[in-house]
Amino acid sequence: MSFLRFVARRVLLTVPAALAVLVITFAMIRLVPGDPVTVIAGTNLDPQVAADLRRQLGLDDPLRVQFLDYVGNVLRGDLGTSFLTHRPVTEIVAERLPYTLMLTVAGVLTGLLLSVPIGVASALRDARKRRTGVSFTAITTLFVATPDFLLGTVLVSVLAVYLQVFPVAGAQSWDSIVLPALALGIPLAGIQARVIRTSVLDVATRPFVRTLRAAGVPERRLLARNVLPNASIPVVTLLSVEFGRLLAGALIVENIFAWPGLGTVIFDSIGRRDLPAVQGEILVVALLILGINLVIDVIYRLIDPRISLA
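Predicted model, so just to flag it, every value in this text is computed and none were measured.

So, on to the UniProt feature "transmembrane region" (unreviewed entry) in the protein. Per the UniProt record, "transmembrane region" (unreviewed entry) is found at residues 99–124, 136–165, 177–196 and 282–303. As annotated, residues 99–124 has a helix share of 100% and a strand share of 0%, and its two end C-alpha atoms lie 38 Å apart. In residues 136–165, helix accounts for 83% and strand for 0%; the two terminal C-alpha atoms are 28 Å from one another.

Bringing the pattern of salt bridges into the picture now. Tallied over the full model, the rule gives 4 salt bridges. Across the pair glutamate 91 and arginine 87 runs a salt bridge, and its minimum N-O distance is 3.0 Å. Two residues, arginine 206 and aspartate 202, come together in a salt bridge whose shortest N-O distance is 2.8 Å. Within the structure, one salt-bridge network assembled from shared partners comprises Arg87, Glu91, Glu95 and Arg96.

Moving on, we get to the confidence of the model for the protein. Put simply, the protein has an average pLDDT of 81, and 92% of its residues get 70 or more. Per-residue pLDDT, averaged within each element of the protein, yields its smallest value for helix H2 (residues 36–41) (74) and its largest for helix H8 (residues 178–204) (88).

Residues lying three or four places apart along an α-helix face the same way, a consequence of the helix completing one turn every 3.6 residues. Where helix H11 (residues 262–271) is concerned, the buried positions are Leu262, Gly263, Thr264, Val265, Ile266 and Ser269. Of the residues one or two after H11, arginine 273 is the one with positive phi, at around 55 degrees.

If you look at the biggest cluster of nonpolar residues, it comprises 21 residues, and the most contacted ones within it are Leu103, Leu155, Leu179, Leu184 and Phe257. Within the residue set of this core, elements represented by two or more residues are helix H5 (89–129), helix H7 (148–162), H8 and helix H10 (219–256). When residues in this core are grouped by element, the largest group, 6 residues, is from H8. Among all residues touching leucine 179, those that are not within four sequence positions of it are Leu155, Val156, Leu159, Ala160, Phe166, Pro167 and Phe257. Listed in part, the 19 residues of the second largest apolar core include Leu22, Val71, Ile92 and Val285.

Checked against the element boundaries, threonine 140 lands in helix H6 (residues 134–145). Reaching out from threonine 140, the side chain makes a polar contact with the backbone oxygen of threonine 137 at a distance of 3.2 Å. Apart from residues lying up to four places away in sequence, threonine 140 is in contact with Gly190, Ala193 and Arg194.

So, on to unusual backbone geometry. A negative phi angle is the norm for most residues apart from glycine, just as the trans form is the norm for most peptide bonds. A positive phi angle, close to 60 degrees, is found at histidine 86, a residue other than glycine. Even without being glycine, glutamine 164 reaches a positive phi, approximately 55 degrees. Tracing the backbone shows glutamine 164 in the loop between H7 and H8. By relative accessible area, which is 63% here, glutamine 164 ends up exposed.

Turning to H8, a few remarks are in order. Taking 1.5 Å per residue as the helical rise, H8 with its 27 residues ought to reach 39 Å, whereas the 34 Å between its terminal C-alpha atoms falls clearly short. A large share of H8 lies buried, amounting to 20 of its 27 residues.

Turning to the packing of aromatic side chains, a few remarks are in order. Each aromatic ring pair is summarised here by two numbers: the centre-to-centre distance and the angle between the ring planes. On inspection of all chains with the given rule, the structure shows 2 aromatic pairs. Between the aromatic rings of phenylalanine 26 and phenylalanine 67, the centroid separation amounts to 5.3 Å while the plane-to-plane angle is 65 degrees, which identifies the pairing as edge-to-face. In this pair, phenylalanine 26 is assigned in helix H1 (residues 3–31) and phenylalanine 67 in helix H4 (residues 63–75), connecting sequence segments 41 residues apart. Ring centres of tyrosine 99 and tryptophan 259 lie 6.0 Å apart, and the angle between their planes is 80 degrees; this geometry places the pair in the edge-to-face category. Of this pair, tyrosine 99 sits in helix H5 while tryptophan 259 is found in the loop between H10 and H11, placing the two residues 160 residues apart along the sequence. Of the residues examined, tyrosine 99 reaches a relative accessible area of 31% and is grouped as partly exposed.

This part is about the packing of H6 against H8. At a minimum axis separation of 6 Å, H6 and H8 run at an interaxial angle of 140 degrees. With respect to their mutual orientation, H6 and H8 come out oblique. Both H6 and H8 take part in a crossing whose hand is left-handed. On H8, the residues that touch Phe136, Thr137, Thr140, Thr141, Phe143 and Val144 of H6 are Ile186, Pro187, Ala189, Gly190, Ile191, Ala193, Arg194 and Arg197.

This next bit is on the side chain of glutamine 279. Looking at the element boundaries, glutamine 279 is found in helix H12 (residues 275–303). Once residues lying within four places of it in the same chain are set aside, the contact partners of glutamine 279 are Thr25, Phe26, Ile29, Arg30 and Tyr70.

About the thresholds
Residues numbered from 1 in each chain as written. Predicted model: local features only at pLDDT ≥ 70, side-chain atom pairs only at ≥ 80, totals over all residues. Heavy atoms only, no water. UniProt positions renumbered as here; feature names shortened; annotations may be inferred. Helix = DSSP H or I, 4+ residues; strand = E, 2+ residues; numbered from the N terminus. Salt bridge = Lys/Arg side-chain N within 4 Å of Asp/Glu carboxyl O. pLDDT = per-residue confidence, 0-100. Buried < 20%, exposed > 50% of the residue type's maximum accessible area, 1.4 Å probe, protein only. Core = buried A, V, L, I, M, F, W, Y, C linked by side-chain atoms within 4.5 Å. Contact = heavy atoms within 4.5 Å. Polar contact = N/O pair within 3.5 Å; in protein donor to acceptor, adjacent residues only side chain to side chain. Expected span 1.5 Å × (residues − 1). Phe/Tyr/Trp six-rings, centres within 6.5 Å; stacked < 30°, edge-to-face > 60°. Axes fitted to C-alpha atoms, helices over the stretch in contact; angles between N-to-C directions. Parallel < 35°, antiparallel > 145°, perpendicular 65-115°, else oblique. Left-handed = near helix turned anticlockwise from the far one by under 90°.

And the structure:
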């Protein structure tokens, strides 16, 4: 199978997944208790005025009609108009999505900056001493076991409120992203460090590495050119699996640090029963995750040409 056919096939496979997300989101948001008309206009609204408002918003149509109208609008690139702000949902997403992506990427980079040296150093030490470090296991377990929202609260209390090293909330300066990125990256670093350690140990004991070492190749060059590239595939696999969790975590962490991304507006839209906003914002996040998984599949092939495109 050619590379272009592989990419086209992977793109087509995302269509059923995107449709499933659209159906589930449409159904679930309507199961949440509360009436959008009551949230918008209050409980003391005249029944006739409430009926007129419901008709204007299209809420009196059968669910089947509402769903088909929504699907048709999405296919045209129209995610609807917010009930509360009267702004196009695409405009809201375009304004907030860059902040969410920035925070997610910062979380991934933070996880890599922490996990790569920890995992590689532990693997090299264990390869020499032939034993597993208790401190490595304890540290990575602590990283993995700490929820990002709890970690975010602790970071705010210690580094922002008590020590006053970083801003408490918002995105006014470059250092505003440090604490949210740490809250996302530290739990990811615990998982990545374990995968990196295991993968490096596995590659470092393979015959071709022993042959190169016996031939006199310097350890640093051997590590950089032979061990790490071959050990990187499991890490890329982990990132593809963890990206969705990391993005979902970013939506929660944003509310802790008042980061102006999609997370804050999604939670606000759910609480205020803003149906078009919730549907559009969640759909964009789901499509983003599907797109990242597609990119990861392509990266697999670039890292290791032996991987089948089928």
